[in-house]
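One letter stands for each residue in the lines below.
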Amino acid sequence: GGSNLSADGLGTSLLRAQCLLITFLAVNGVTECFARTVMNDAEITAFNKQLIFLSVSYLGLTWLMTTLIGPVGLVLANCANMAIRIFFALRIIQKTFKGVEPSPLVGLAPDNDILFIILTAGVCCQLSEQFLYQWSPLIHLILGAILFFMAVVSIIIKEDFILAFL
């Protein structure tokens, strides 16, 4: 049950892996949806054949990773599966926009300053978990909330088009 998952740290590791998987699922959903809309029937058939091979590979990877690292391995195998599917879809998107400058794919990666802020917040939260959580979980939570707020505000300031949606 819940107390067993939290006692040995497995629950925390599973939640972290699930957060990573959600990111991959979100990107895969958008890229694969777009890729399928621009493909003709022959390309969809070829893509589906690639996905059959990928599914067989995924089963093997799932077995291997679950055997090696337990339940977290299942989630990480899903992440690897989604990463490969994203790669396939990005190839199709790149082919679709060949010769278009600037390429729409350039906008997928966050700017270096936003990436730095997010990575710094992540490292601070990790350090807070290691050093502050045992002393005061509330301070760890407050620090995490402040870092989250700072990251969101930074993204909104940098990506000013977001303000149009608020």
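Peer 1: Describe in detail the nonpolar core, supporting the description with residues and values.
Peer 2: Core analysis: the largest hydrophobic core is formed by 8 residues, namely Ala 35, Met 39, Phe 47, Leu 51, Leu 54, Phe 88, Ala 89 and Ile 92. Listed by contribution, the elements that provide at least two residues to this core are α3 (41-69) and α4 (71-96). Apart from the residues within four sequence positions on either side, Ile 92 is in contact with Ala 35, Val 38, Met 39 and Phe 47. Formed by 6 residues, the second largest nonpolar core is a distinct cluster that contains Ala 17, Val 72, Val 75 and Cys 79.

Peer 1: Let's hear about the environment of Gln 94: which residues, and what values?
Peer 2: Tracing the backbone shows Gln 94 in helix α4. By relative accessible area, which is 52% here, Gln 94 ends up exposed.

Peer 1: Could you give an account of the packing of helix α5 (residues 112-131) against helix α6 (residues 137-158), naming the residues involved and the relevant values?
Peer 2: How two helices sit against one another is set out by the angle between their axes and by the gap between those axes. Put simply, α5 and α6 touch, their axes get as near as 10 Å, and they point 180° apart. Relative to α6, α5 is oriented roughly antiparallel. Residues Asp 113, Ile 114, Ile 117, Ile 118, Ala 121, Cys 124, Cys 125, Ser 128 and Glu 129 of α5 form the contact with α6, whose participating residues are His 140, Leu 143, Gly 144, Leu 147, Ala 151, Ser 154, Ile 155 and Lys 158. Class assignment for the residues of the contact of α5 with α6 results in 10 nonpolar, 4 polar and 3 charged.

Peer 1: Could you give me a rundown of the side chain of Thr 31, with the residues and numbers involved?
Peer 2: Its location among the elements puts Thr 31 in helix α2 (residues 10-38). Of the polar contacts made by the side chain of Thr 31, one reaches the backbone oxygen of Val 27; its length is 2.9 Å. Excluding its chain neighbours within four sequence positions, the residues that come into contact with Thr 31 are Ile 86, Ala 89, Leu 90 and Ile 93.

Peer 1: Summarise unusual backbone geometry; cite the residues concerned and give the values.
Peer 2: Cis geometry marks the peptide bond from Glu 101 to Pro 102; its omega dihedral reads -10°. One can find Pro 102 in the loop between α4 and α5.

Peer 1: Describe in detail a nonpolar patch on the surface, supporting the description with residues and values.
Peer 2: Taken together, the side chains of Leu 138, Leu 141, Ile 142, Ile 146, Phe 149, Met 150, Val 153 and Ile 157 define a hydrophobic patch exposed on the protein surface, amounting to about 810 Å² of accessible area. For Val 153, the location among the structural elements is in helix α6. Judged by relative accessible area, which is 30%, Val 153 ranks as partly exposed.

About the cut-offs
- Residues numbered from 1 in each chain as written.
- Predicted model: local features only at pLDDT ≥ 70, side-chain atom pairs only at ≥ 80, totals over all residues.
- Heavy atoms only, no water.
- Core = buried A, V, L, I, M, F, W, Y, C linked by side-chain atoms within 4.5 Å.
- Buried < 20%, exposed > 50% of the residue type's maximum accessible area, 1.4 Å probe, protein only.
- Helix = DSSP H or I, 4+ residues; strand = E, 2+ residues; numbered from the N terminus.
- Contact = heavy atoms within 4.5 Å.
- Axes fitted to C-alpha atoms, helices over the stretch in contact; angles between N-to-C directions.
- Parallel < 35°, antiparallel > 145°, perpendicular 65-115°, else oblique.
- Nonpolar A, V, L, I, M, F, W, Y, C, P; charged D, E, K, R; others polar.
- Polar contact = N/O pair within 3.5 Å; in protein donor to acceptor, adjacent residues only side chain to side chain.
- Patch = residues over 30% accessible without salt bridge, like charges linked within 9 Å, V, L, I, M, F, W, Y side chains within 5 Å.
- Areas by Shrake-Rupley, 256 points an atom, 1.4 Å probe, with all protein chains shown as cover.
- Salt bridge = Lys/Arg side-chain N within 4 Å of Asp/Glu carboxyl O.

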